[in-house]
Amino acid sequence: MRTFIIFSIVVISYLVFLLKLFELQILKGEEFRKKSYNNHFYIIKVKPSRGNIYDRNGFIIAGNLTSTKNFIITKEKDILKEYESYIASLNGYYSDIMDYFESSSVISRRDLLNDIVFVPITSRVYPYGDLTPHFIGYVNSDGIGVEGFEKIFDDSLRGQEGEIIIPVDARMNITDKNKIIYNFPKKGKDYKLTIDIQLYKFVDSLLENYEKAGVVVLKTNGEVLALYSKPKYNPQIFSRGLTTSEWNYINDKELAPLMDRTISGLYPPGSIGKILTTLLAIESGWNWRTSMPCPGYIVYGGNIFKDWTIHYHISSIIEALEVSCNVYYYNLGKFLGIKKITESYKKLDIFRKKFTPFPQEKISFVPDINWYIENYKFIPGGSALNLAIGQGELMLTPIAISMLVGAIANNGKMPYPKFYFDQIVKDTFKLPFSDSTIKITKIAMLNVVKGQRGTAGYLNYKLMEYGLNVNVAGKTGSSENPHSKKTHSLFTLFAPFENPEFIITVVVETAGHGSDVAVPIATEILRWCLLHYYYQ
């Protein structure tokens with residue numbers, strides 16, 4: 001019996017040994033081989049250079065600054081002590097096993113170089129500073145894209161990490177510098193954008209005296225020439241750390257400098273909303289030749305709805321848009337009714353979809369019957385009249401306004417925005433209106449600029465003064481601002497009228513009437529585009 005027990009113990013012990021051997025060699029063999037490998041080699045990960053981002057003319061908007069860091073590989077106390085003393089003399093800092101400092105700092109100490117491995121380090125730089133932060137975005141201190149283009153295309157921009165494999169002994173001394181293996185990182189993908197950085201600089205100069213604004217400049221083929229937003233910020237601050245004043249500025253809720261107003265700013269479009277009303281009214285059977293008097297107000301539901309001036313007599317819907325007559329459009333609101341307006345608008349892409357890949361973009365808003373009931377418990381009297389003149393609860397982003405105007409310019413369809421030249425754009429914004437409806441609306445927008453009483457007549461006058469024989473169609477807007485007595489100033493245009501190439505939308509917050517502020521700014525932007533693209 002005793003022999004059997006001893007034999008059993010031996011057998012069981014042997015089986016346990018075999019199982020453990022199987023575990024170590026088969027199941028965990030690869031893991032221990034790696035550990036053994038790492039005991040003889042010290043591996044330094046090397047971050048790749050991010051891909052460069054260029055504007056359409058080849059100017060670098062986001063690039064890299066490459067420097068060299070020097071990693072100390074040793075555990076020898078006497079070497080560490082000497083390094084510690086030397087680094088202290090350079091106002092550097094020190095860690096137990098590894099430290100780094102600029103290569104130029106150790107050139108005079110060639111006797112120390114045997115323990116140093118040179119490692120390339122890249123940092124992200126933005127040569128044009130605060131001109132394009134909302135569009136380009138920025139990277140954090142770890143080199144990861146956080147906002148804008150840097151975030152959306154972070155994976156392809158980031159590249160592939162490399163490594164330096166250093167042979168060391170048990171005390172972390174380099175055994176043979178000639179056997180150091182450099183597996184170089186692969187640089188990230190470069191992108192050539194459709195934007196023009198020189199145009200950004202010009203727009204920035206025009207808005208020098210204004211605090212908050214958004215400017216969209218598109219080509220009618222969808223290429224984005226500019227998405228300019230103000231207030232601005234310098235993206236470089238996020239890679240080096242913010243000062244107290246920078247932190248307070250970035251987090252200022254009133255200024256909201258991180259918000260891209262071109263795609264996230266929701267504004268009542270003001271009289272620009274009359275473009276939508278014009279399209280819908282004609283398509284719904286309104287005779288565009290209908291005339292009516294304009295005493296400067298209309299009474300509806302016991303309330304007085306005022307016009308911004310007395311127009312006396314309006315001969316047609318074309319003249320109504322030309323002079324921006326509220327009374328005429330109040331009557332169109334009555335003709336259409338709240339249900340027709342809201343249901344028709346909600347079918348449009350501008351109230352259903354985003355036009356950019358940026359998460360920050362907001363979708364324009366129009367209420368429906370259910371929204372009024374949920375929020376007001378009833379439908380306020382005159383809601384249709386307010387929506388018809390672009391006020392009330394109607395909210396549009398500058399990019400949505402630009403897409404609407406682009407579709408009108410292109411006779412009913414506008415390609416979704418294109419941001420870089422390799423981009424394949426499949427989506428198209430289409431207007432569900434007849435060719436005749438769009439044609440009448442285009443003529444009305446032309447008269448806004450060229451008509452005798454057009455609210456954007458300044459633009460036509462200045463183009464003639466500049467010797468630029470170009471017909472332009474557009475619409476001014478002055479939208480209510482709950483935070484100030486001054487309205488937001490808006491203007492949108494497409495040009496040339498006969499063969500459209502450019503769409504420009506300008507929104508300047510708390511600046512006054514569209515004809516006073518946004519029109520002169522848009523005029524100069526159009527002039528720049530004509531001289532740099534159209535007449536080249």
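Residues numbered from 1 in each chain as written. Predicted model: local features only at pLDDT ≥ 70, side-chain atom pairs only at ≥ 80, totals over all residues. Heavy atoms only, no water.

Please explain the overall build of the chain as it appears in this structure.
Counting its regular elements, the chain contains 19 helices and 20 strands. Long-range pairs, those at least 24 residues apart, make up 70% of the contacts in the chain with a sequence separation of at least 6. Surface exposure of the chain reaches about 25,800 Å², of which carbon and sulfur atoms provide 54%. (Helix = DSSP H or I, 4+ residues; strand = E, 2+ residues; numbered from the N terminus. Contact = heavy atoms within 4.5 Å. Areas by Shrake-Rupley, 256 points an atom, 1.4 Å probe, with all protein chains shown as cover.)

Even after reading the chapter, I still don't get empty space enclosed by the protein, so can you show me in this structure?
Remark: the empty space left among the atoms is shown by a probe the size of a water molecule rolled over them. Evaluated as defined, the whole model comprises three cavities of 30 Å³ or more. A volume near 90 Å³ is recorded for the largest cavity. In terms of lining residues, the largest cavity is bounded by Pro 133, His 134, Glu 147, Gly 148, Lys 151, Tyr 233, Leu 258, Asp 260, Ile 263, Phe 358, Pro 359 and Gln 360. Broken down by secondary-structure element, the contributors of at least two residues to the lining of the largest cavity are helix 4 (133–136) and helix 5 (148–152). (1 Å grid on protein atoms, 1.4 Å probe; cavity = no way out; pocket = protein on both sides within 12 Å on 5 of 7 lines; lining within 4 Å. Points joined across faces, edges and corners; volume = space filled by probe spheres on them.)

For this particular structure, what's the right way to read the packing of helix 11 (residues 273–283) against helix 17 (residues 435–450)?
A pair of packed helices is captured by two measures, namely the crossing angle of their axes and the spacing between those axes. Between helix 11 and helix 17, the shortest axis-to-axis distance is 9 Å and the interhelical angle comes to 145°. Our pair here, helix 11 against helix 17, has a crossing hand that is right-handed. From helix 11, Ile 275, Thr 278, Leu 279, Ile 282 and Glu 283 reach across to helix 17, where they touch Thr 437, Ile 438, Ile 440, Thr 441 and Met 445. In the contact of helix 11 with helix 17, the residues fall into six nonpolar, three polar and one charged. (Axes fitted to C-alpha atoms, helices over the stretch in contact; angles between N-to-C directions. Left-handed = near helix turned anticlockwise from the far one by under 90°. Nonpolar A, V, L, I, M, F, W, Y, C, P; charged D, E, K, R; others polar.)

Quick question: what am I supposed to make of the side chain of Ser 489 here?
With respect to the helices and strands, the residue Ser 489 is situated in strand 19 (residues 488–495). Within the structure, Ser 489 has its side chain in polar contact with the backbone oxygen of His 513 (distance 2.9 Å). A polar contact is formed between the side chain of Ser 489 and the backbone nitrogen of Ala 518, at a distance of 3.0 Å. Discounting residues that sit within four places of it in the chain, Ser 489 has contacts with Gly 477, Val 506, Val 507, Val 508, Ala 511, Gly 512, His 513, Gly 514, Val 517 and Ala 518. (Polar contact = N/O pair within 3.5 Å; in protein donor to acceptor, adjacent residues only side chain to side chain.)

Just to check I follow, could you spell out the packing of aromatic side chains for this structure?
Each aromatic ring pair is characterised by the separation of its centres together with the angle its planes make. According to the stated counting rule, one finds 30 aromatic pairs in the structure shown. Of the aromatic side chains, those joined through ring pairs into one cluster are Phe 135, Phe 149, Phe 153, Tyr 191, Phe 358, Phe 419 and Tyr 420. Between the NZ or CZ atom of Arg 527 and the centre of the ring of Tyr 466, over which it lies, the distance is 3.8 Å. (Phe/Tyr/Trp six-rings, centres within 6.5 Å; stacked < 30°, edge-to-face > 60°. Lys NZ or Arg CZ within 6 Å of the ring centre and 35° of its normal.)

How do you make sense of the sheet that holds strand 7 (residues 162–167) when you look at a structure like this?
By way of backbone hydrogen bonds, the strands of a sheet pair with one another, either parallel or antiparallel. Strand order in the open sheet formed by three strands is 1-7-8, with antiparallel pairing between adjacent strands. Looking along the sheet, the strands with just one partner apiece sit at the ends: strand 1 (41–46) and strand 8 (181–183). Across this sheet, the average inter-strand angle for adjacent strands is 15°, counted without regard to direction. Note that strand 1 and strand 7 share six bridges and pair antiparallel. Following the sheet pairing, Ile 44 is matched in strand 7 by Ile 164. (Pairing = 2+ DSSP bridges.)

Where do I start with the pattern of salt bridges in this structure?
If the charged atoms of two oppositely charged side chains come close together, the side chains can form a pair. This structure, assessed with the given rule, holds 14 salt bridges. Across the pair Asp 190 and Lys 187 runs a salt bridge whose closest N-O atoms are separated by 2.4 Å. Judged by relative accessible area, Asp 190 falls into the partly exposed class, the value being 34%. Of the residues examined, Lys 187 reaches a relative accessible area of 41% and is grouped as partly exposed. Across the salt bridge formed by Lys 339 and Glu 343, the nearest N and O atoms sit 2.9 Å from each other. Within this pair, Lys 339 and its partner Glu 343 are both found in helix 13 (residues 326–345), separated by four residues, close to a single helical turn. Here Glu 343 falls in the partly exposed class, since its relative accessible area comes to 40%. Several salt bridges converge on common partners, so that one network encompasses Arg 50, Arg 124, Glu 150, Asp 154 and Arg 158. (Salt bridge = Lys/Arg side-chain N within 4 Å of Asp/Glu carboxyl O. Buried < 20%, exposed > 50% of the residue type's maximum accessible area, 1.4 Å probe, protein only.)

Can you walk me through the sheet that holds strand 19 in this structure?
On the basis of which strands lie adjacent, the open sheet formed by five strands has the order 11-10-20-19-18 and antiparallel pairing. With one partner strand each, in any of the chains shown, strand 11 (224–230) and strand 18 (473–479) form the two edges of the open sheet. Averaged over all pairs of adjacent strands, the angle between their axes in this sheet comes to 5°, without regard to strand direction. Pairing of strand 18 with strand 19 involves seven bridges; the strand directions are antiparallel. Bridging from a neighbouring strand, Ser 479 pairs with His 488 of strand 19.

Would you mind showing me how to read the pairing of strand 20 (residues 502–508) here?
The two faces of the sheet receive side chains in turn, since in a regular strand these alternate between them. By the criterion of burial, strand 20 is predominantly enclosed, with seven of the seven residues buried. Judged by which residues are buried, strand 20 turns out to be covered on both faces: Phe 502, Ile 504, Val 506 and Val 508 on one side and Ile 503, Thr 505 and Val 507 on the other are all buried. Pairing between strand 19 and strand 20: seven bridges, direction antiparallel. Residue Ser 489 lies in a different strand from strand 20, and its bridge partner there is Val 508. In sequence, strand 19 turns back onto strand 20 through a hairpin of six residues.

Quick question: what am I supposed to make of the nonpolar core here?
Within soluble globular proteins, side chains that are nonpolar tend to cluster in buried spots. In this structure, Leu 193, Tyr 328, Ile 525 and Leu 526 are the most contacted members of the largest nonpolar core, which totals 131 residues. When residues of this core are assigned to their parent elements, the largest contribution, 10 residues, is made by helix 19 (residues 518–534). Those residues in contact with Tyr 328 that sit more than four places away from it in its chain are Trp 286, Asn 287, Trp 288, Thr 290, Met 292, Ile 314, Ser 316, Ile 317 and Ala 320. Of all hydrophobic cores here, the second largest spans seven residues; its members include Ile 44, Val 46, Ile 164 and Val 168. (Core = buried A, V, L, I, M, F, W, Y, C linked by side-chain atoms within 4.5 Å.)

I tried to follow helix 13 on my own but got confused; where do I start?
Three or four residues apart is the spacing at which side chains of an α-helix point the same way, because the helix has 3.6 residues per turn. With 20 residues, helix 13 should reach 28 Å at 1.5 Å per residue; the first-to-last C-alpha distance of 20 Å falls well below that figure. Considering bend angle alone, the principal kink of helix 13 is centred on Gly 337 and spans about 90°. (Expected span 1.5 Å × (residues − 1). Bend = angle between axes of the 7 residues up to and from the residue.)

How should the environment of Asn 410 be read in this particular structure?
Mapped onto the secondary structure, Asn 410 falls in the loop between helix 16 (398–409) and strand 16 (413–415). Each C-alpha atom of the pair Asn 410 and Glu 501 lies 9.3 Å from the other, and the pair is 91 residues apart in sequence. Every residue in contact with Asn 410, bar those within four places of it in the chain, is listed here: Thr 220 and Pro 415. Within the structure, Asn 410 has its side chain in polar contact with the backbone oxygen of Thr 220 (distance 3.0 Å).

Explanation requested: the confidence of the model for the chain in the structure shown.
For residues with low pLDDT, the predicted coordinates do not support detailed interpretation. Per-residue confidence for the chain gives a mean pLDDT of 85, with 82% of residues at or over 70. Taken as a whole, residues 86–113 scores under 50 in pLDDT and shows 50 contacts with residues more than four places along the chain or in a different chain. (pLDDT = per-residue confidence, 0-100.)

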